[in-house]
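A structural walkthrough
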Amino acid sequence: MQTIMLKAKLHMARVTHAVLNYEGSCAIDGELLDMSGIRENEQIQIYNVENGQRFTTYAIRAEEGSRIISVNGAAAHLATEGQRVIICSYAHYSEAELDRHQPALVYLQEGNVVSHTSNAIPVQLA
């Protein structure tokens, strides 16, 4: 049996560009891709914190150190420049892999600068 689990997350990224007349995808700073383990052309889910839109696209590499998060193509209607988004990727894991699995969580602050990383989401309190 395989279980789909969170593989990586860029938390509270700020959209720097929304380019409607582009082939598609989401360009992400190469350093952020590497830090999170999200690969070029990997399917990603984007959750727009500002308007609640949730959509699927794929990641492409933006220039390292640019802090670019560019939502392109039709998705540019769902997330515009300046909005905060959460970008996630998921993977299938076997039962044997589940015990060792830890997602790569990258938390961002203004300017898409990394504030910290983690491998566990804190327990939600009542």
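Computed from a predicted structure; not experimentally measured.

Examining the nonpolar core
Counting residues in hydrophobic clusters, the biggest one holds 21 residues, and the most contacted among them are Leu10, Ile28, Ile38, Ile44, Ile69, Val85 and Ile87. Elements that contribute at least two residues to this core include exactly strand 1 (2–14), strand 3 (26–29), helix 1 (30–36), strand 4 (43–48), strand 5 (54–62), strand 6 (69–72), strand 7 (84–94) and strand 8 (104–109). Ranked by the residues each element gives to this core, the list is headed by strand 1, at three residues. Non-local contacts of isoleucine 87, meaning those with residues more than four positions away in its chain, are made with Ala8, Lys9, Leu10, Ala13, Cys26, Ile28, Ile38, Ile44, Gln45, Ile46 and Ile69. Ranked by size, the runner-up nonpolar core spans six residues in total, among them Leu6, Ile86, Cys88 and Tyr107.

A few points about the UniProt feature "active site" (unreviewed entry) in the chain
According to UniProt, the "active site" (unreviewed entry) feature falls on Ser25 and Tyr58. A maximum C-alpha distance of 5.0 Å is found for the annotated residues, which run over 34 residues; spatially they form one tight group. Examined against the element boundaries, serine 25 turns out to sit in the loop between strand 2 (17–19) and strand 3. Note on serine 25: relative accessible area 3%, which makes it buried. Position of tyrosine 58 among the secondary structure elements: in strand 5. Excluding anything up to four places from it in sequence, tyrosine 58 contacts Glu23, Gly24, Ser25, Cys26, Asn41, Glu42, Gln43 and Ile44.

Let's talk about the side chain of glutamine 45
Considering the arrangement of structural elements, one finds glutamine 45 in strand 4. On the basis of relative accessibility, which here comes to 18%, the residue glutamine 45 falls in the buried class. Of the polar contacts made by the side chain of glutamine 45, one reaches the side chain of threonine 56; its length is 2.8 Å. In this view, glutamine 45 contacts Phe55, Thr56, Ile86, Ile87, Cys88 and Tyr90; residues no more than four positions away in its chain are not counted.

Some details on the packing of aromatic side chains
This model, assessed by the stated rule, comprises zero aromatic pairs. Taking NZ or CZ as reference, arginine 54 lies 4.0 Å from the ring centre of tyrosine 47, over its face.

Side note on the pattern of salt bridges
All chains considered together, the criterion is met by eight salt bridges. Notably, a salt bridge pairs arginine 14 with glutamate 110, separated by 2.5 Å at the nearest N-O pair. Residue arginine 14 is found in strand 1, and its partner glutamate 110 is found in the loop between strand 8 and strand 9 (113–118); the two are separated by 96 residues along the sequence. Assessed through its relative accessible area of 23%, arginine 14 is described here as partly exposed.

Describing the environment of arginine 100
Mapped onto the secondary structure, arginine 100 falls in the loop between helix 2 (95–98) and strand 8. As for arginine 100 and aspartate 34, which are separated by 66 residues in sequence, their C-alpha atoms are 20 Å apart. A polar atom in the side chain of arginine 100 sits 3.0 Å from the backbone oxygen of alanine 96.

Quick notes on the pairing of strand 8
With respect to burial, strand 8 is a largely interior element, five of its six residues being buried. Note that strand 1 and strand 8 share four bridges and pair parallel. Across the sheet, lysine 9 pairs through a bridge with leucine 105, a residue of strand 8. Looking at chain direction, strand 8 and strand 9 are connected through five bridges and run antiparallel. Within the sheet, the bridge partner assigned to leucine 108 lies in strand 9 and is valine 114.

What counts and what doesn't
Residues numbered from 1 in each chain as written. Predicted model: local features only at pLDDT ≥ 70, side-chain atom pairs only at ≥ 80, totals over all residues. Heavy atoms only, no water. Core = buried A, V, L, I, M, F, W, Y, C linked by side-chain atoms within 4.5 Å. Buried < 20%, exposed > 50% of the residue type's maximum accessible area, 1.4 Å probe, protein only. Helix = DSSP H or I, 4+ residues; strand = E, 2+ residues; numbered from the N terminus. Contact = heavy atoms within 4.5 Å. UniProt positions renumbered as here; feature names shortened; annotations may be inferred. Polar contact = N/O pair within 3.5 Å; in protein donor to acceptor, adjacent residues only side chain to side chain. Phe/Tyr/Trp six-rings, centres within 6.5 Å; stacked < 30°, edge-to-face > 60°. Lys NZ or Arg CZ within 6 Å of the ring centre and 35° of its normal. Salt bridge = Lys/Arg side-chain N within 4 Å of Asp/Glu carboxyl O. Pairing = 2+ DSSP bridges.

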